[in-house]
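Each chain, letter by letter, is given below.
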Amino acid sequence: MNISMAVAERILELCNENNITVNKLSTISGVTQSTINDIVNHRAKNIGIITIKKLCDGLDITITEFFDTSVFKNLEQEMY
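Heads up: these notes are all about the structure in this document. (Residues numbered from 1 in each chain as written. Predicted model: local features only at pLDDT ≥ 70, side-chain atom pairs only at ≥ 80, totals over all residues. Heavy atoms only, no water.)

1. Re the side chain of serine 26
Then comes step 1: With respect to the helices, strands and loops of the structure, serine 26 is situated in helix H2 (residues 22–29).
Then comes step 2: Using a relative accessible area of 12% as the deciding quantity, one classes serine 26 as buried.
Then comes step 3: At a separation of 3.2 Å, a polar atom in the side chain of serine 26 contacts the main-chain amide nitrogen of glutamine 33.
Then comes step 4: Contacts of serine 26, omitting those with residues within four sequence positions, involve Val31, Thr32, Gln33 and Ile36. (Helix = DSSP H or I, 4+ residues; strand = E, 2+ residues; numbered from the N terminus. Buried < 20%, exposed > 50% of the residue type's maximum accessible area, 1.4 Å probe, protein only. Polar contact = N/O pair within 3.5 Å; in protein donor to acceptor, adjacent residues only side chain to side chain. Contact = heavy atoms within 4.5 Å.)

Next up, the structure:
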């Protein structure tokens, strides 16, 4: 799994945990729904940390909490 796939998985996991839709996440975070859709549908390859921070703010979690899951601890090395 690469980083963009892991971020997408984590966003969907957090939406599920908070019982909200991607549309609701867009509203509470100020990130456009199209941006979130691109992330969760694996069309966004370079997801900015500012976008992740806005999502975290909307979910009322820290960046550390966002990344503190097993999915990020076992990522493949990215080769570009």
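2. Considerations on the packing of H2 against helix H3 (residues 33–40)
Then comes step 1: Where H2 meets H3, the axes come as close as 9 Å, and the angle between the chain directions of the two elements is 130°. One element, H2, and the other, H3, form an angle in the oblique class. Here H2 runs over H3; the crossing is right-handed. The segment H2 lies against H3, with Val22, Asn23, Leu25, Ser26 and Ser29 engaging Gln33, Ile36 and Asn37. (Axes fitted to C-alpha atoms, helices over the stretch in contact; angles between N-to-C directions. Parallel < 35°, antiparallel > 145°, perpendicular 65-115°, else oblique. Left-handed = near helix turned anticlockwise from the far one by under 90°.)

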